[in-house]
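What the coordinates show
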Amino acid sequence: MALLWLAVFLTPASCVLRPDQDGHQSQLQVLSADPKSPIENFRMQTRNKTLSWDVTGNVSNIECSKNSNSPTKAQNNHSCKFYVLPKCELSNYTVTVTTANGELFSTWMQYPVQEGRPAAAARGLECRVHDVDFLTCTWEVGTEAPGDVQYHAYLEAVKTEKQWECPRYSANELGTYIQCQFKDLSAFANVQYRFVVNGTSTESRIPCSEFIAYLSHIEALSPPNMTVSCNKSHSVMEWKMSSRFYNMFQYELEIQKGTDRPYMLREDSKTSFVLRNPGDYTVRIRARVRFYQSSPWSASQNVVCHQEEDADLHFWLTPFVIALVTLLVVGCALFVCKRYSVLQKLFPPIPHMKDPLGNNTHSERMLSWESDRTGQEECPVAKMQVLGEK
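Anyway, here's the lowdown on the structure attached to this text. Given the structure is predicted, the values throughout are model-derived calculations rather than measurements. (Residues numbered from 1 in each chain as written. Predicted model: local features only at pLDDT ≥ 70, side-chain atom pairs only at ≥ 80, totals over all residues. Heavy atoms only, no water.)

Turning our eyes to something else, we now look at the overall build of the protein. The helix and strand tally for the protein stands at two helices and 26 strands. Each of the 390 residues in the protein was classed as buried or not, and the buried ones make up 33%. Restricting to contacts in the protein with at least 6 residues of sequence separation, those with at least 24 account for 56%. Summed over all atoms, the accessible surface of the protein reaches about 25,800 Å², with 53% contributed by carbon and sulfur. (Helix = DSSP H or I, 4+ residues; strand = E, 2+ residues; numbered from the N terminus. Buried < 20%, exposed > 50% of the residue type's maximum accessible area, 1.4 Å probe, protein only. Contact = heavy atoms within 4.5 Å. Areas by Shrake-Rupley, 256 points an atom, 1.4 Å probe, with all protein chains shown as cover.)

What follows concerns the pattern of salt bridges. The final tally for this structure, using the stated rule, is eleven salt bridges. A salt bridge links R244 to D133, with the nearest nitrogen and oxygen atoms 2.1 Å apart. On the criterion of sequence distance, the pair formed by R244 in the loop between β20 (234–240) and β21 (250–257) and D133 in the loop between β10 (123–130) and β11 (134–140) is long-range, its members being 111 residues apart. R244 gets classed as partly exposed once you look at its relative accessible area, which sits at 28%. With relative accessibility at 23%, the residue D133 sits in the partly exposed group. Here R194 ties to E156 by a salt bridge, and the two come within 3.0 Å at their closest N and O atoms. (Salt bridge = Lys/Arg side-chain N within 4 Å of Asp/Glu carboxyl O.)

Bringing the sheet that holds strand β4 (residues 50–55) into the picture now. Pairing in this open sheet of three strands is antiparallel, and the strands run β3-β4-β7 from one edge to the other. Looking at the sheet topology across the chains shown, the edges are occupied by β3 (39–45) and β7 (79–81). Here the average twist between neighbouring strands, direction ignored, is 10 degrees. Sheet analysis places β3 next to β4, joined by five bridges and oriented antiparallel. What sits directly across from M44, in β4, is L51. (Pairing = 2+ DSSP bridges. Axes fitted to C-alpha atoms, helices over the stretch in contact; angles between N-to-C directions.)

Turning our attention to the packing of aromatic side chains. Under the defined criterion, the tally for this structure stands at eleven aromatic pairs. Aromatic pair W139 and F195: ring centres 6.4 Å apart, planes at 40 degrees, arrangement tilted. With W139 in strand β11 and F195 in strand β16 (residues 192–200), this residue pair connects regions lying 56 residues apart in the sequence. Take W139 and F195: they sit in the same class, and that class is buried. Arranged with centres 6.1 Å apart and planes meeting at 40 degrees, the rings of F249 and Y251 form a pair that is tilted. For F249, a relative accessible area of 8% puts it in the buried group. With relative accessibility at 4%, the residue Y251 sits in the buried group. Ring pairs connect the aromatic residues W164, F182, F188 and Y193, which therefore count as one cluster. For R284, the ring lying beneath its charged end belongs to W297, and the centroid distance is 4.5 Å. (Phe/Tyr/Trp six-rings, centres within 6.5 Å; stacked < 30°, edge-to-face > 60°. Lys NZ or Arg CZ within 6 Å of the ring centre and 35° of its normal.)

Side chains of Y83, V191 and Y214 sit close together on the surface and give an oily, nonpolar patch of about 270 Å² of accessible area. As for its position among the elements, V191 is in the loop between β15 (177–182) and β16. Judged by relative accessible area, which is 37%, V191 ranks as partly exposed. (Patch = residues over 30% accessible without salt bridge, like charges linked within 9 Å, V, L, I, M, F, W, Y side chains within 5 Å.)

Set out below in structure tokens:
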């Protein structure tokens, strides 16, 4: 086997031009360890992301691998399909054949072949989703990039190949773009995307750089927003979590009372927690998705729950004030009623005489005289005679 791989590395490389299904020719670097290999017409069909070949002779097994990782069995011994094909990163695609008599043969290609100055391409390309609705990608200028290099970027859905140009760039002191930001991700589903940075220069061709990931896998979660209230008997902690792609979280709370050692609590999907007999304590929180992705810890909150005296005073004072006000109202009412009755007895109303010369109408200030009215306050009435009109 060692001799076989030695022969592989000693085999000269050859570049061939093969048209893909779109009619375009792709430059592929095809290498074979042995001219007697049963693999012929080795080709990459970029449109359907399929590596295919022709087989001569009897074979018992054929496997494919990308960069020597995770070999998979070929379909009908004639092809292997890949979900993602790189546009910028050079990769090795290998086909290993086992013949009917047990011989091993390997053939591989490098795809895509990079043109221009590889060290001039954008390097250190990284992307992350943050603050719920922002996608930010950053990169550095290539170490061998010409002085007039400029980079441009776009986002592409891997499956549909739909593209979005970068809407907002940030540049370095030389005016070269080194960052791209998408501000609104509401139109982007949680699928696999490819972020591509192309370079241009008048001096040489600049290879592209790419970053491939699901947006949910690169989301940098923010800590939950927590509010705390407390009294003598308990403390209530409530929090709210925001995320573009997740809605189920496990929450971790770290609580420390006084000088005691902090302890950890875990809450699945709940957004509140009640701490009994809290006293004074410090708390912070973070959110976790599955087992590999979590938010940073929130800032620690110092909670002071020394409100026993005020709470007790408020508890007893409130009903006391209500009762006192009620008694005052009732007392005032009784006092007013009693005072009115005494005044009526001390100062009874004086009746007015009836005008006999009128038209039998009653003035508003006259009262009819009732001779037979008796009572403790009745006074003798003298006989009166009308002498005439003035």
